[in-house]
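Structural overview
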Amino acid sequence: METITADTKWQLLAEKALSGELLTLEEGLAVLEADNDEVLLIMNAAFRVRKHFYGKKVKLNMIINAKSGLCPEDCGYCSQSIVSTAPVDKYSLLDKETLLAGAREAMARKAGTYCIVASGKGPTDKELNQVVDAVREIRETMPLKICACLGILKGDQAERLAEAGVHRYNHNLNTSKANYPSITTTHTYDQRVATVEKVKSQGMSPCSGVIIGMGETHQEIVEMAFALRELDADSIPINFLNAIPGTPLEHAGRTSSMKALKVLALFRFICPSKEIRVAGGREVNLRTLQPLSLYAANSLFVGDYLTTAGQEISADHQMIEDLGFEIELNAL
């Protein structure tokens, strides 16, 4: 009987991904539970898939924290939630000029997508009007793609955002359906899925991802990837918990750098043609192995996150250049 080498095993997963065939649960678990000595082989197989769909291009995204704190939700990972005692800035929705200035900064950072993010369960009509007004002017004056992340949408809010020119809407699943009640009780997993479906119905590109490191099992990580494939999310941000003092998850340990790489490879194998983004917490979880992440992922956030600092933009640009990769300008 022919012996399958470790390299061949992971290359077979790459071939399945390239053919559009879904990995089995057992194959997904094998990626996460592989010996660390095989991580470079796994990343090589993931890069084969990433290169097929995206070459060596990297999409850059920039976040503006358009409304901070003041959130009635009890999400255990978030420093802005009602149950958090973390010292974060609290302010209502930024005015139009500040949002426009943020868009100009995104362009200066070579980001193709500008992400307007607001805390809260969902926007009021007044807040939505402010975002719509800013989006229209950005679309008229700058070659940026715009992503909105405003929470659960109601009524005709999704339609109005689409009409204003929002290209993409982000609403993360965050964790598995089974693990969801241990993370938040003020809304449900199904409400999040419904919001993603609502923005899809209005023609906006769906962006939905996860946070790794919140007590989920390996099987649940694989199930998250399956769920996002089924949801057909175009963009999948993979966050790694950055445990913030004052939040219910403040004592959660960091995800090891090697495990983080395996997670990124897993999502590339299961969602092969989708934008896989190394998102929040990459600096403190991947640490010095950040460059390797781009062999599976093809997208980064640049600059700071909502309430935590990112690394210097120049370091991200240098990392991409040193890898021999290239920034994809004005990329959705």
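Here the structure is a predicted model, which is why all the values come from computation and not from measurement.

1. Quick notes on the side chain of Lys67
Mapped onto the elements, Lys67 comes out in strand 1 (residues 57-67). Of the polar contacts made by the side chain of Lys67, one reaches the side chain of Glu127; its length is 2.9 Å. Not counting the four nearest positions on each side in its chain, Lys67 is found in contact with Gln80, Tyr91, Ser92, Leu93, Val117, Ala118, Ser119 and Glu127.

2. Some words on helix 1 (residues 6-18)
Along its 13 residues, helix 1 runs 19 Å from first to last C-alpha, staying within 8% of the 18 Å computed at 1.5 Å per residue. Buried residues along helix 1 sit against helix 2 (25-32), helix 3 (39-54) and helix 9 (257-270).

3. Concerning the environment of Gly213
Of note, Gly213 is situated in the loop between strand 6 (210-212) and helix 8 (218-231). In contact with Gly213, other than residues within four places in its own chain, are Leu241, Ala252 and Thr255.

4. Things to note about the packing of helix 1 against helix 2
Two numbers describe how helix 1 lies on helix 2: the axes approach to 12 Å, and their chain directions differ by 130 degrees. Between helix 1 and helix 2, the angle is such that the two are oblique. Of the two possible hands of crossing, helix 1 and helix 2 adopt the one that is left-handed. For the pair formed by helix 1 and helix 2, the contact residues are Trp10, Leu13 and Lys16 on the first element and Glu27, Ala30 and Val31 on the second. Here the contact of helix 1 with helix 2 is composed, by residue class, of four nonpolar, no polar and two charged.

5. So, the packing of aromatic side chains
Geometry of an aromatic ring pair is reported as the spacing of the ring centres plus the angle between the planes. Under the definition given, this model contains four aromatic pairs. Relative to Phe325, the ring of Phe47 has its centre 6.0 Å away and its plane inclined at 5 degrees; by these criteria the two rings are stacked. With Phe47 in helix 3 and Phe325 in the loop between helix 12 (313-322) and strand 10 (326-327), this residue pair connects regions lying 278 residues apart in the sequence. Under the relative-accessibility criterion, Phe47 is labelled buried at 13%. The cationic tip of Arg277 hangs over the ring face of Phe301; the distance from NZ or CZ to the ring centre is 4.7 Å.

6. Points about helix 6 (residues 157-164)
When we look at burial in helix 6, the residues that qualify are Gln157, Ala158, Leu161 and Ala164. The buried residues of helix 6 all sit within an arc of 125 degrees when viewed along its axis, so they share a single face. Its buried side turned inward, helix 6 meets helix 5 (125-141), strand 4 (168-170) and helix 7 (189-201). Positive backbone phi, at 115 degrees, marks Gly165, one or two positions downstream of helix 6.

Parameters and conventions
- Residues numbered from 1 in each chain as written.
- Predicted model: local features only at pLDDT ≥ 70, side-chain atom pairs only at ≥ 80, totals over all residues.
- Heavy atoms only, no water.
- Helix = DSSP H or I, 4+ residues; strand = E, 2+ residues; numbered from the N terminus.
- Polar contact = N/O pair within 3.5 Å; in protein donor to acceptor, adjacent residues only side chain to side chain.
- Contact = heavy atoms within 4.5 Å.
- Expected span 1.5 Å × (residues − 1).
- Axes fitted to C-alpha atoms, helices over the stretch in contact; angles between N-to-C directions.
- Parallel < 35°, antiparallel > 145°, perpendicular 65-115°, else oblique.
- Left-handed = near helix turned anticlockwise from the far one by under 90°.
- Nonpolar A, V, L, I, M, F, W, Y, C, P; charged D, E, K, R; others polar.
- Phe/Tyr/Trp six-rings, centres within 6.5 Å; stacked < 30°, edge-to-face > 60°.
- Buried < 20%, exposed > 50% of the residue type's maximum accessible area, 1.4 Å probe, protein only.
- Lys NZ or Arg CZ within 6 Å of the ring centre and 35° of its normal.
- Arc of directions from axis to C-beta.

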